[in-house]
Amino acid sequence: MTFALSRPEVDLELIFPALNEEHRLPSTIELTVDYLAERPWTSAVVVVDNDSADRTHDVVRRFAGAPVPVYTIGCSDRGKGAAVRRGISTSSARYVGFADADSATPIETLEPVMALLEQGHAAVIASRRAPGAHYEIEQSALRRCGGWLFRRMARFSLPGIADTQCGFKFFDGPLIREIVDGCHVDGFAFDVEILARVGRRGHRVTEVPVAWCDVPGSTFSARRDGLRSMADLIRISIAR
């Protein structure tokens, strides 16, 4: 593990925003490193520690000397959006994206994602609602209801996107670094802000189907984060 805001240029950087992920992160990094080590792209893993109070930093240390470099950087501004922007803005990779620390989206999804990026697609995202996608483990009824309402509101900004909230999104590096420089949403609607700005630049957002599993331990709280996310969606929809 290396602490580095300035990192060597590679084909792909995969960012994991992490808030108190000492238990879920190790297996996710191990799976990711093993997968990337067998791919033809040069790559790196970047953990953005979002001011964790647990031993997230210490757990990541075990990957010193891994066949794929594993870096960690800090982000004291709270919020998944802030952590993802921190990782993207400090990257020099040709392609850069982020995934959740829980491995809800299989790392093998990178295969079609990278193929599309290399064909010139600007933004490629995993989707639980694209044709061919399915849930290996379904969400709770409460999360499904909240997700339905969120999708309805997100369509004002992204009418052609079936699933904005699957945490597995990858982009053309130079483009996304310009875009996140103007983004401000730190909460769970940050994905919508980024994708809306990609679309307003005239670029297509491409969805790929995924076999997705709901994994316990989400930091999202309907009571704490729900109203804030809805308010952020309204602001995103009227921004230009």
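Parameters at a glance
- Residues numbered from 1 in each chain as written.
- Predicted model: local features only at pLDDT ≥ 70, side-chain atom pairs only at ≥ 80, totals over all residues.
- Heavy atoms only, no water.
- Helix = DSSP H or I, 4+ residues; strand = E, 2+ residues; numbered from the N terminus.
- Buried < 20%, exposed > 50% of the residue type's maximum accessible area, 1.4 Å probe, protein only.
- Polar contact = N/O pair within 3.5 Å; in protein donor to acceptor, adjacent residues only side chain to side chain.
- Pairing = 2+ DSSP bridges.
- Salt bridge = Lys/Arg side-chain N within 4 Å of Asp/Glu carboxyl O.
- Contact = heavy atoms within 4.5 Å.

Caption draft 1: Highlighting the side chain of aspartate 102. Structurally, aspartate 102 is set in the loop between strand E5 (95–99) and helix H4 (110–118). Judged by its relative accessible area of 18%, aspartate 102 is buried. A distance of 3.0 Å separates the side chain of aspartate 102 from the backbone nitrogen of alanine 104, its partner in a polar contact.

Caption draft 2: Local environment of the pairing of strand E4 (residues 70–74). Burial analysis of E4 places 4 of its 5 residues in the buried class, which makes it a mostly covered element. Judged from the 5 bridges that link them, strand E3 (residues 43–49) and E4 form a sheet pairing that is parallel. What sits directly across from aspartate 49, in E4, is glycine 74.

Caption draft 3: Fine view of the pattern of salt bridges. A complete count under the given rule lists 12 salt bridges for this structure. Aspartate 100 is paired through a salt bridge with lysine 80; the nearest N and O atoms lie 2.6 Å apart. Of this pair, aspartate 100 sits in the loop between E5 and H4 while lysine 80 sits in helix H3 (residues 80–89), and the two are 20 residues apart along the sequence. The residue glutamate 178 makes a salt bridge to arginine 201 at a minimum N-O spacing of 3.1 Å. With a gap of 23 residues between them, glutamate 178 in helix H6 (residues 173–180) and arginine 201 in the loop between helix H7 (190–200) and strand E9 (205–209) connect regions that are remote in the sequence.

Caption draft 4: The arrangement of the environment of glycine 97 in detail. Tracing the backbone through its elements, the reader meets glycine 97 in strand E5. Glycine 97 sits in the buried class, given a relative accessible area of 0%. A C-alpha to C-alpha distance of 7.4 Å links glycine 97 and phenylalanine 168, two positions 71 residues apart in sequence. With near-sequence residues (within four places) excluded, glycine 97 lies in contact with Glu13, Leu14, Ile15, Lys169 and Phe170.

Geometry only, nothing functional implied.
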